[in-house]
Amino acid sequence: MEFLPIERAAEAFQQPVTADEIQAVCLRVFGADVSSARELGSGMYNNTYRVAVTGHERPVILRIAPEPGRQFRSERQLMRNEYASVPWLTAIAPLMPRVIAADWSHQVIGRDYMVQTHLDGVPAPEGLGTYSRTSWPSFFRQMGSIARKIHGVRGPHFGPVGGPAYSTWSAAVAASLEGIVADLDAVGLDSADLRKVAEVASQHRAVLDEITEPRFLSGDLWTVNVMLAESTPEPVISGVLDLDRTWWGDPAADWTIRMALAKADEREAFWESYGAQDRSPAAVLRSRIYEARHIGAIRLERHRLGSANTVPQTYELMRNVLDQLRHESQRRAAGRSHGSALV
């Protein structure tokens, strides 16, 4: 067996498995040996291997979750959450890899794993740069169309697709913020600013609970999660993968929306196919809370990936969001007082 793992530091979050463990998984799933396994470096949470199985014409993708003890509270059992999401993603089924096997038993190895079909194409972060920027708007229009299909799916509850379930959007947002705060505390990072955001979210539960219909949120869909077809005159999205942070809630809270709004460049074409955003005062206030949640998750991820030098930037970003939240809260309070005076 040819085995090509990525060399990682002993303290790195992602820890590889052995060649024997990959052989054991494929014997369980296919009843066959492995001729080669190459670890892919694009993912930042699971370990991902492209595996050639003896007697099978096409390679498969083997994804292995972190050991349970290494998973943060806010990122627990993401692979199981992704598996639970599959039945809800029929709107983009032609773009998704097919699940061949999933095993949470830990009988073969002490970690969750999932085997999927191999998606052809080129990862978008690599392939998009080979095209003229004049063709990039086409790519982002496709992203907008995919996001619109995903957000069009209605769900049974708020919160992660695989649970826990919440009856209100405010409760789901509060639980998410609490989870990230607990994780930041556990690794010794200051979480005081995110605690303040949680307080604001609690004060404005009624605004959050204007969202009454749970919609499907991809949780992580952007360029790093899509594949491009090869040898096309313009970028064509041919695959979508690694949607393990899915949850039910307000589409405006999705990572996809955050990234589409991040810069005024070719990505503005996203809105041509997705549709216009709600910019009402209530929607703006909710968007500030969502942005703070994203920044908290980014802070935790940067720590997890060993990028300590980039963690301080998240505190400055959070200060700006807190200032905006205070402004929005004061404006709403003033509006209510003015309304009362007119009665």
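Heads up: these notes are all about the structure in this document. (Residues numbered from 1 in each chain as written. Predicted model: local features only at pLDDT ≥ 70, side-chain atom pairs only at ≥ 80, totals over all residues. Heavy atoms only, no water.)

### Things to note about the layout of surface pockets
In this model, the second largest pocket occupies a volume close to 710 Å³. Around the second largest pocket sit 33 residues that line it, and A252, I257, L261, Q277 and S287 are the ones nearest its centre. Of all the secondary-structure elements, those providing two or more residues to the lining of the second largest pocket are α8 (255-260), α10 (281-304) and α11 (311-342). Of all the elements, α10 adds the most residues to the lining of the second largest pocket, at 8 residues. When grouped by side-chain class, the residues that make up the lining of the second largest pocket number 14 nonpolar, 8 polar and 11 charged. (1 Å grid on protein atoms, 1.4 Å probe; cavity = no way out; pocket = protein on both sides within 12 Å on 5 of 7 lines; lining within 4 Å. Points joined across faces, edges and corners; volume = space filled by probe spheres on them. Helix = DSSP H or I, 4+ residues; strand = E, 2+ residues; numbered from the N terminus. Nonpolar A, V, L, I, M, F, W, Y, C, P; charged D, E, K, R; others polar.)

### Quick look at the sheet that holds strand β12 (residues 247-249)
Strand order in the open sheet formed by 3 strands is β8-β12-β9, and the pairing between neighbours is antiparallel. The open sheet terminates on both sides in strands that have one partner only, identified here as β8 (159-160) and β9 (215-217). Relative to β12, β9 runs antiparallel, the two being bridged by 3 bridges. In the strand pairing of β12, F216 is matched with W248. (Pairing = 2+ DSSP bridges.)

### Observations regarding the packing of aromatic side chains
Across all of its chains, the model carries 15 aromatic pairs by this definition. Measuring from centroid to centroid gives 5.9 Å for F158 and W169, while their planes differ by 40°, and the two rings are tilted. With F158 in the loop between α4 (136-151) and β8 and W169 in helix α5 (residues 169-186), the pair connects residues that are 11 residues apart, well separated along the chain. Of the residues examined, W169 reaches a relative accessible area of 0% and is grouped as buried. Ring centres of W222 and F270 lie 6.2 Å apart, and the angle between their planes is 55°; this geometry places the pair in the tilted category. Of this pair, W222 sits in the loop between β9 and β10 (226-228) while F270 sits in helix α9 (residues 270-274), and the two are 48 residues apart along the sequence. Within the aromatic cluster, the residues linked to one another by ring pairs are F139, F140, W222, F270, W271 and Y274. A cation over an aromatic ring shows up here: R245 above the ring of Y45, its NZ or CZ 5.7 Å from the ring centre. Between R304 and the ring centre of F13, over which it is positioned, the NZ or CZ distance is 4.9 Å. (Phe/Tyr/Trp six-rings, centres within 6.5 Å; stacked < 30°, edge-to-face > 60°. Buried < 20%, exposed > 50% of the residue type's maximum accessible area, 1.4 Å probe, protein only. Lys NZ or Arg CZ within 6 Å of the ring centre and 35° of its normal.)

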